[in-house]
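# Fold and contact review
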Amino acid sequence: MKLDLWLIKISMVDYNPKSWARLVFNFHKSSLMRNILPTIMLVGVIAGGLCYIFLEGIFELSVPPGVNIHAYVGIVLGLVLVFRTNTAYDRWWEGRKQFGALTNHSRNLALKLNSMLSVEDQAARQFFSKTISNFYFALKEHLREGVELEELELEDMPYLEKVKKVEHIPNALAGSMQDRMNKMLKDRLINGDQYRVLNEDVSAMIDVLGACERIRKTPIPFSYSMYVKKVIILYLLSLPFSIINSLHYWTIPMVMFTAYVLTGLELIGEEIEDPFGYDTNDLDTDGMALNIRKNIREILTPE
């Protein structure tokens, strides 16, 4: 796939955190705002209808003095949302650390191979140059909707037909690297100590694969996620009854702002709890894969 097409797929936002004005006033371009806007408008319409009904005398709203359960529920709900966001961010950061580790192990493996392989052994150099980066590309897509073979460099690779048949392509690629290193050991191109050093990096790459699969396949429990959403909606729909007598028609913007805060926090948690997808706030695994392919080529291509 061409580089310009890859750049289109890169989803992570590049921004300047010091540019407050740009970040604040460009909120309308945010995917977060687009996703929560229907909910904000809905609760605004409902709040407007309630204001009209109670403030224009169609029905009388009587709230016992000293009763403001929303203040107490709001505190608890805020703590729950903070816990939700922190838990999701932990998953995002763990995913970033794992891909950082994969980058390090890939470079280390290439550097070690470069020092062990002779300059004349172009076949082995090409094999590992393509396979190490193929593993990176395969892993990032394995964590999404499945590996796209056109992204892999499969020309002249001995595992070409194998990867078309297997379901778990990253395992197949790691196995091919192990097979090649075993052959090099038997042919006495490397000794036992060198094999052990190389094997450590391949094993570490498999460990990264397992850790990322754990993050991907263990989402926040469904019941917890649904419960938080239900509480937020019930809180927003009942909030006008608590503040309408004091704020009157100002109840409408207040409810909409509260909806923006609460639903925004929940949606941020949803986006970052699975950091390997295509959402705006997901990890830039496409960019990292392109970078590692370039690095590996530079290392294993003799001058």
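Reading the values: rules and limits
Residues numbered from 1 in each chain as written. Predicted model: local features only at pLDDT ≥ 70, side-chain atom pairs only at ≥ 80, totals over all residues. Heavy atoms only, no water. Helix = DSSP H or I, 4+ residues; strand = E, 2+ residues; numbered from the N terminus. Buried < 20%, exposed > 50% of the residue type's maximum accessible area, 1.4 Å probe, protein only. Contact = heavy atoms within 4.5 Å. Core = buried A, V, L, I, M, F, W, Y, C linked by side-chain atoms within 4.5 Å. pLDDT = per-residue confidence, 0-100. Phe/Tyr/Trp six-rings, centres within 6.5 Å; stacked < 30°, edge-to-face > 60°. Salt bridge = Lys/Arg side-chain N within 4 Å of Asp/Glu carboxyl O.

## Considering the environment of His142
Take His142: it is sitting in helix 5 (residues 122–142). Residue His142 is classed as buried on the basis of its relative accessible area, which comes to 19%. Sequence spacing of His142 and Glu167 is 25 residues, and the spatial spacing of their C-alpha atoms is 9.6 Å. Those residues in contact with His142 that lie beyond four places of it in its chain are Val147, His168, Pro170, Leu209 and Glu213.

## A closer look at the nonpolar core
If you look at the biggest cluster of nonpolar residues, it comprises 49 residues, and the most contacted ones within it are Phe128 and Phe135. When residues of this core are traced back to their parent elements, those giving at least two are helix 4 (69–116), helix 5, helix 7 (169–186), helix 8 (192–217) and helix 11 (285–300). What Phe128 contacts, discounting residues up to four positions off in sequence, is Leu113, Leu117, Met177, Arg180, Met181, Met184, Ile296 and Leu300. Among the nonpolar cores identified, the runner-up in size contains 18 residues, and Leu32, Val43, Ala47 and Leu262 belong to it.

## Side note on the confidence of the model for the chain
Within the chain, residue pLDDT values average 86, and 87% of them lie at 70 or more. Per-element mean pLDDT across the chain ranges from 42 in helix 1 (residues 3–9) up to 95 in helix 7. Low pLDDT (under 50) marks residues 1–11, which in the prediction has 24 contacts with non-local residues, meaning those over four places away or in another chain.

## Here we look at the packing of aromatic side chains
Tallied over the full model, the rule gives eight aromatic pairs. Geometrically, the ring pair formed by Tyr89 and Trp92 is stacked, given 5.7 Å between the ring centres and 20° between the ring planes. Of this pair, Tyr89 and Trp92 both sit in helix 4, three residues apart, roughly one helical turn. Residue Trp92 is classed as buried on the basis of its relative accessible area, which comes to 13%. Between Phe99 and Phe276 the ring centres are 5.7 Å apart and the planes differ by 45°, which places this aromatic pair in the tilted class. Here Phe99 is found in helix 4, whereas its partner Phe276 is found in the loop between helix 10 (251–273) and helix 11, with 177 residues between them in sequence. According to the relative accessible area criterion, Phe99 is buried, its value standing at 0%. In this structure an aromatic cluster arises from ring pairing among Tyr89, Trp92 and Trp93.

## Points about the pattern of salt bridges
Throughout the structure, instances matching the rule amount to 18 salt bridges. Linking Arg84 and Glu266 is a salt bridge whose minimum nitrogen-to-oxygen distance equals 3.5 Å. Here Glu266 lies in helix 10 and Arg84 lies in helix 4, a separation of 182 residues in the sequence. An identical accessibility class is assigned to Arg84 and Glu266; each is buried. Residue Glu141 pairs with Arg144 through a salt bridge whose shortest N-O separation is 3.1 Å. The class for Glu141 is buried, based on a relative accessible area of 1%.

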